[in-house]
Amino acid sequence: MVELSFQLYSARNVPSWPDFYAKLAALGYRQVEGFGGLYDDAAGLAALLKNNGLAMPTGHFGLDQLEDRDTALKAAETLGMKKIICPFIMPDQDSKDESQWLALAEKLAGFHDIYSAEGYGFGWHNHHFEFFPTSTGRTPMEVILETAPKIEWECDVAWVIRGKADPVAWFDRYGDRITAVHVKDIAPEGENADEDGWADVGHGVVGWSDLIKTVQQKTKAQYFVAEHDKPSDEVRFATRSIETAKSWN
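Residues numbered from 1 in each chain as written. Predicted model: local features only at pLDDT ≥ 70, side-chain atom pairs only at ≥ 80, totals over all residues. Heavy atoms only, no water.

**Here's the deal with the sheet that holds strand β3 (residues 55–60)**
So, point 1. Reading around the circumference, β1-β2-β3-β4-β5-β6-β7-β10 is the order of the eight strands in this closed barrel, with parallel pairing throughout. Neighbour-to-neighbour, the strand axes of the sheet open up by a mean angle of 30°, direction not taken into account.
So, point 2. Pairing of strand β1 (residues 4–7) with strand β10 (residues 223–226), which is carried by three bridges, proceeds in the parallel orientation. Within β10, the residue paired with S5 across the bridge is V225. (Pairing = 2+ DSSP bridges. Helix = DSSP H or I, 4+ residues; strand = E, 2+ residues; numbered from the N terminus. Axes fitted to C-alpha atoms, helices over the stretch in contact; angles between N-to-C directions.)

Take a look at the structure:
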């Protein structure tokens, strides 16, 4: 059984969050994934989610937010999170210099120690640049997972593909570290240019109807999070994606 969660960053431009939460609930979603811009009023957010029968077991926290340990922990506790995930670095931090990735990995290892001690899973969410080799030939993803051997991985499968890597090969190597996945789709070549080439789940070329079974077989994924980085219609994306997920069960 796949219970599809929804990464709220996909709907960051909605005019009304309360209305959107109600729409997600009506579509059949029971879980959402948070992102940093939503946590300023964690208590208010928790109440809105509860009123719509929604839980937030996973949440994204940027590096700066993770540095503010007390605030991050309070948000996570208030929202009932189980896993805290660092989602990105700024574009100017991407580098071919492996030493910079080693420094990041060591910082992530330190965050793991802090947040796991409080009972949370802690992990990293990838983009495509983690699969481009550094000057030593190792990929940043290898550096992160090997230098911070206790952290988890929220694998964004479509970004792995955009990084010119084979996600199944990475499942084979690190499947025991993958505790969540981003269920994201890629439009056929030349389509959806206004949406940066992304697609609604099941309406692209990733082949999720088969791949979801592979994810379940080869990883320890507990959470399956629909995401679209730039949907032109958030409700359309949410609707078509959960319709696709229902066909898997």
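The structure having been displayed, the exposition proceeds.
**Focus on the packing of aromatic side chains**
So, point 1. With the rule as written, the count across this model stands at 18 aromatic pairs.
So, point 2. Aromatic pair F6 and F20: ring centres 5.5 Å apart, planes at 55°, arrangement tilted. With a gap of 14 residues between them, F6 in strand β1 and F20 in helix α1 (residues 17–27) connect regions that are remote in the sequence.
So, point 3. Residue F20 is classed as buried on the basis of its relative accessible area, which comes to 4%.
So, point 4. Through successive ring pairs, a cluster of aromatic residues spans F6, Y9, W17, F20, Y21, Y29, F35 and F237.
So, point 5. Between the NZ or CZ atom of R173 and the centre of the ring of W170, over which it lies, the distance is 5.2 Å.
So, point 6. For the cation-ring pair, K184 lies above W198, with the distance from its terminal atom to the ring centre recorded as 4.7 Å. (Phe/Tyr/Trp six-rings, centres within 6.5 Å; stacked < 30°, edge-to-face > 60°. Buried < 20%, exposed > 50% of the residue type's maximum accessible area, 1.4 Å probe, protein only. Lys NZ or Arg CZ within 6 Å of the ring centre and 35° of its normal.)

**Observations concerning the pairing of strand β6 (residues 152–156)**
So, point 1. Of all five residues making up β6, five are buried, and the element is well covered by its neighbours.
So, point 2. Bridging between strand β5 (residues 121–125) and β6 involves three bridges; their strand directions are parallel. Directly across from W124, in β6, lies its bridge partner W153.
So, point 3. In this sheet, strand β7 (residues 178–183) lies alongside β6 in parallel orientation, the contact comprising four bridges. Within the sheet, the bridge partner assigned to W153 lies in β7 and is I178.

**Some details on the packing of α1 against helix α10 (residues 234–246)**
So, point 1. Put simply, α1 and α10 touch, their axes get as near as 10 Å, and they point 20° apart. Regarding the angle of α1 to α10, the classification is roughly parallel. When the axes of α1 and α10 are compared, the crossing they make is right-handed. Along its contact with α1, which presents F20, K23, L24 and L27, the element α10 presents E234, V235, A238, T239, I242 and K246. (Parallel < 35°, antiparallel > 145°, perpendicular 65-115°, else oblique. Left-handed = near helix turned anticlockwise from the far one by under 90°. Contact = heavy atoms within 4.5 Å.)

**With respect to the pairing of β3**
So, point 1. Extensive coverage of β3 is indicated by the burial of five of its six residues.
So, point 2. In the sheet, strand β2 (residues 31–34) pairs with β3 via three bridges, with the strands oriented parallel. Paired with Q31 across the bridge in β3 is A55.
So, point 3. In this fold, the crossover linking β2 to β3 by way of helix α2 (residues 42–51) has right-handed handedness.
So, point 4. Sheet analysis places β3 next to strand β4 (residues 83–86), joined by three bridges and oriented parallel. Across the sheet, the residue bridging to H60 is I85, located in β4. (Right-handed = clockwise from strand over helix to strand, strands pointing away.)

**Here's the deal with the packing of helix α5 (residues 98–116) against helix α6 (residues 140–147)**
So, point 1. Contact pair α5 / α6: the axes reach a minimum separation of 8 Å and the direction vectors enclose 35°. Here α5 and α6 pass one another in a crossing that is right-handed. Counted together, E98, W101, L102, L104, A105, E106 and L108 of α5 and P140, V143, I144 and T147 of α6 form the full contact between these two elements.
So, point 2. For the contact of α5 with α6, a count of residues per class yields eight nonpolar, one polar and two charged. (Nonpolar A, V, L, I, M, F, W, Y, C, P; charged D, E, K, R; others polar.)

**Concerning α6**
So, point 1. Counting buried residues in α6 gives six out of eight residues, a clear majority hidden from the surface.
So, point 2. The set of residues buried in α6 consists of P140, M141, E142, V143, I144 and L145.
So, point 3. Buried residues along α6 sit in contact with α5, β5, β6 and α8 (167–174).

**With respect to the nonpolar core**
Across soluble globular proteins, nonpolar side chains have a tendency to be buried as a group.
So, point 1. One finds F6, L8, L108, W153 and W208 to be the most contacted residues of the largest nonpolar core, which totals 79 residues.
So, point 2. The contacts of W208, once residues within four sequence positions are left out, are V157, H182, V183, K184, D185, V201, V215 and W248. (Core = buried A, V, L, I, M, F, W, Y, C linked by side-chain atoms within 4.5 Å.)

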